[in-house]
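The chain contents come next:
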Amino acid sequence: MNELLMPAGSIEKMKYAFAYGADAVYLGLVDFSLRALRKGELIDETNLKTAVDIANALNKKVYCTLNIFAYDKDIEKLYKTIEVLANAKPHAVIVSDFGIYRVIKKEIPDMEIHISTQTNILNSETVKFWQDMGATRVVLARELSYSKIEKIRKNCPDIELEMFIHGAQCMGYSGRCLLSDYMTKGERQANQGNCAQACRWSYKLLEETRPNEYFEIIQDDKGSHIMSTKDLCLVHHIKKLCDLGIDSFKVEGRTKSLYYVSAVAKTYRQVIDNKMNTDVAFNELLKVGNRGYTEGFFLDNNNSSSYSYDISKGLAGSDFLGICQKQINENEYEFLIKNKILLNDEIEIITPNYSTLATVIKINHNKKGEVDTANTNDEINLTFKCDDDKWKKEANFALIRTKGMKEFN
């Protein structure tokens, strides 16, 4: 089986990832993860077991990331958290630090351990090393081409291989970067889960004898994002990777939106299951936030075109409009609004297995009655005229977005 592994920055996102086709999710305890979220329904020692229990009930899996580069204070904190991990029983932990590896092996010897991409796994001997150490899976470095991955699979047939197929990339080698540490004077340490993404900032050139004169490195009106990589997208190569025997396809994005997680999971699920043409799938992936797509090192021809010089933030071909909260009656549904909606807007409704175009024919505010506009963060009732009502079977996971594809200049 080719596992689809999605990010889960919160329990809510985890539920949507599973509903939209993920076989497993990876999530991080706040103090030990390279994506230290500070808002939303965080995964911490109080609810990790809840997350695992939810996954088990759905016959899905949860992998807990403990992949920071740890100082002694972090190891001391890990010892205090060991009982929580042992009790929650995630299906595996993902580690990069030798000290954390040793603690897990010693304290929870039956815990499966996956080796993070942070360890720069680039060759067969490294894979065999971790296999000899007792790891059950390794996450290959993004810097590998298909031919190199093929050779590793051939040389290491009896260990699970995981690889990234989609999402943001780091300009540092396998995520090993100190730029954030330096630019924030140590306040935002990248490998402690608090990267400021300084590679996405706009830079200008300063000549030392002209202290107040700044020059664009690349002349445009958006600044110069000389280190900002495009996002990885290997959707066109999924069939070949399935045939190669890659055990797990991983998508980046624990800080991304619920919409991103859902739409990307649905698209790759349908490609893996041979239910969607890859050209159609690519267009679907353009509808979620991205900085432009690249195949990175996969075809062994990585070059300057893999960098997004003109933008630092992702652009989405469709705007995320809202999340269905509950059904009010046969035709009316309460939505949490994420972007403004107007009466008679043409929109698209998506659910795990269905998609339909629709027109907003009624907007009902619980205090104001019928209105012409639903604003961001409103909880408001919507009625649609739909091309197809099958989506109502899965209304509890329905999302809405703008129709079609926006064009960007």
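Quick note: structure is the one above.
Since this is a predicted model, take the numbers as computed values, not measurements.

A. Quick peek at helix H5 (residues 124–133). All of the buried residues in H5 are Ser 124, Val 127 and Trp 130. The buried residues of H5 occupy an angular sector of 130° when projected down its axis, which confines them to one face. Those residues of H5 that are exposed and aimed more than 90 degrees away from the buried face are Glu 125 and Asp 132. Its buried side turned inward, H5 meets helix H4 (98–107), strand S5 (113–115), strand S6 (137–139), helix H6 (146–155) and strand S7 (160–167). Of the residues flanking the start of H5, the one acting as N-cap is Asn 123, its side-chain oxygen 3.0 Å from the backbone nitrogen of Glu 125. Of the residues flanking the end of H5, it is Gly 134, one or two places downstream, whose phi is positive at about 110°.

B. Spatial organisation of the packing of aromatic side chains. Applying the stated criterion to the full structure yields 11 aromatic pairs. Arranged with centres 5.5 Å apart and planes meeting at 50°, the rings of Tyr 101 and Trp 130 form a pair that is tilted. Of the two residues, Tyr 101 sits in helix H4 while Trp 130 sits in helix H5, which places them 29 residues apart along the sequence. Relative to Trp 130, the ring of Phe 129 has its centre 5.2 Å away and its plane inclined at 75°; by these criteria the two rings are edge-to-face.

C. Region of the structure containing empty space enclosed by the protein. By the definition in use, this model includes 2 cavities of 30 Å³ or more. Size it by volume and the largest cavity reaches roughly 90 Å³. Residue lining of the largest cavity: Leu 140, Ala 141, Arg 142, Leu 144, Ile 149, Met 163, Phe 164, Leu 232, Leu 234, Glu 295, Phe 297 and Phe 298, and that is the complete set. Residue classes in the lining of the largest cavity are distributed as 10 nonpolar, no polar and 2 charged.

D. Broad picture of a nonpolar patch on the surface. On the surface, a cluster of nonpolar side chains totalling about 300 Å² of accessible area is made up of Phe 98, Phe 129 and Met 133. With respect to the helices and strands, Phe 98 occurs in helix H4. Residue Phe 98 is classed as exposed on the basis of its relative accessible area of 53%.

E. Quick peek at the environment of Gln 325. Among the secondary structure elements, Gln 325 is positioned in strand S13 (residues 320–327). Here the alpha-carbon distance between Gln 325 and Leu 399, two residues 74 residues apart in the chain, equals 9.7 Å.

F. Up close: the pairing of strand S16 (residues 346–350). Burial runs high along S16: 4 of the 5 residues are buried. By the bridge criterion, 5 bridges tie S16 to strand S17 (residues 355–365) in an arrangement that is antiparallel. Within the sheet, the bridge partner assigned to Ile 350 lies in S17 and is Ser 355. Between S16 and the antiparallel strand that follows it, S17, lie 4 residues. Pairing of S16 with strand S21 (residues 399–402) involves 4 bridges; the strand directions are antiparallel. Across the sheet, Ile 349 pairs through a bridge with Ile 400, a residue of S21.

G. View of the environment of Ser 318. Residue placement: Ser 318 occurs in the loop between strand S12 (293–294) and S13. Judged by its relative accessible area of 1%, Ser 318 falls in the buried class. C-alpha of Ser 318 to C-alpha of Arg 401: the two residues are 83 residues apart in sequence and 6.2 Å apart in space. Ignoring anything within four residues of it in the chain, the contact list for Ser 318 reads Tyr 259, Lys 287, Arg 401, Thr 402 and Gly 404. From its side chain, Ser 318 meets the backbone oxygen of Gly 404 in a polar contact 2.9 Å long.

H. Region of interest: the nonpolar core. Leu 66 and Leu 85 are the most contacted members of the largest nonpolar core, which totals 92 residues. Ranked by the residues each element gives to this core, the list is headed by helix H9 (residues 258–272), at 10 residues. Contacts of Leu 85, omitting those with residues within four sequence positions, involve Leu 29, Leu 48, Cys 64, Leu 66, Leu 78, Pro 90, Val 93, Ile 104, Ile 108 and Met 111. In terms of nonpolar packing, the next biggest core, distinct from the first, is built from 20 residues, Tyr 333, Ile 349, Val 360 and Leu 382 among them.

I. Broad picture of the layout of surface pockets. Estimated volume of the second largest pocket: approximately 240 Å³. Around the second largest pocket, the lining comprises 14 residues; the ones closest to its centre are Glu 3, Lys 61, Tyr 63, Arg 137 and Glu 160. For the lining of the second largest pocket, a count of residues per class yields 3 nonpolar, 3 polar and 8 charged.

J. Main features of the pattern of salt bridges. Considering all chains together, one arrives at 21 salt bridges under this definition. Here Lys 250 makes a salt bridge to Glu 162, at a shortest N to O gap of 3.1 Å. Separated by 88 residues along the polypeptide, Lys 250 in strand S11 (residues 248–251) and Glu 162 in strand S7 bring together distant segments of the chain. Its relative accessible area of 0% is what places Glu 162 among the buried residues. A network of salt bridges, in which partner residues are shared, links Glu 3, Arg 137, Glu 160, Glu 162 and Lys 250.

Calculation rules
- Residues numbered from 1 in each chain as written.
- Predicted model: local features only at pLDDT ≥ 70, side-chain atom pairs only at ≥ 80, totals over all residues.
- Heavy atoms only, no water.
- Buried < 20%, exposed > 50% of the residue type's maximum accessible area, 1.4 Å probe, protein only.
- Helix = DSSP H or I, 4+ residues; strand = E, 2+ residues; numbered from the N terminus.
- Arc of directions from axis to C-beta.
- Contact = heavy atoms within 4.5 Å.
- Polar contact = N/O pair within 3.5 Å; in protein donor to acceptor, adjacent residues only side chain to side chain.
- Phe/Tyr/Trp six-rings, centres within 6.5 Å; stacked < 30°, edge-to-face > 60°.
- 1 Å grid on protein atoms, 1.4 Å probe; cavity = no way out; pocket = protein on both sides within 12 Å on 5 of 7 lines; lining within 4 Å.
- Points joined across faces, edges and corners; volume = space filled by probe spheres on them.
- Nonpolar A, V, L, I, M, F, W, Y, C, P; charged D, E, K, R; others polar.
- Patch = residues over 30% accessible without salt bridge, like charges linked within 9 Å, V, L, I, M, F, W, Y side chains within 5 Å.
- Areas by Shrake-Rupley, 256 points an atom, 1.4 Å probe, with all protein chains shown as cover.
- Salt bridge = Lys/Arg side-chain N within 4 Å of Asp/Glu carboxyl O.
- Pairing = 2+ DSSP bridges.
- Core = buried A, V, L, I, M, F, W, Y, C linked by side-chain atoms within 4.5 Å.

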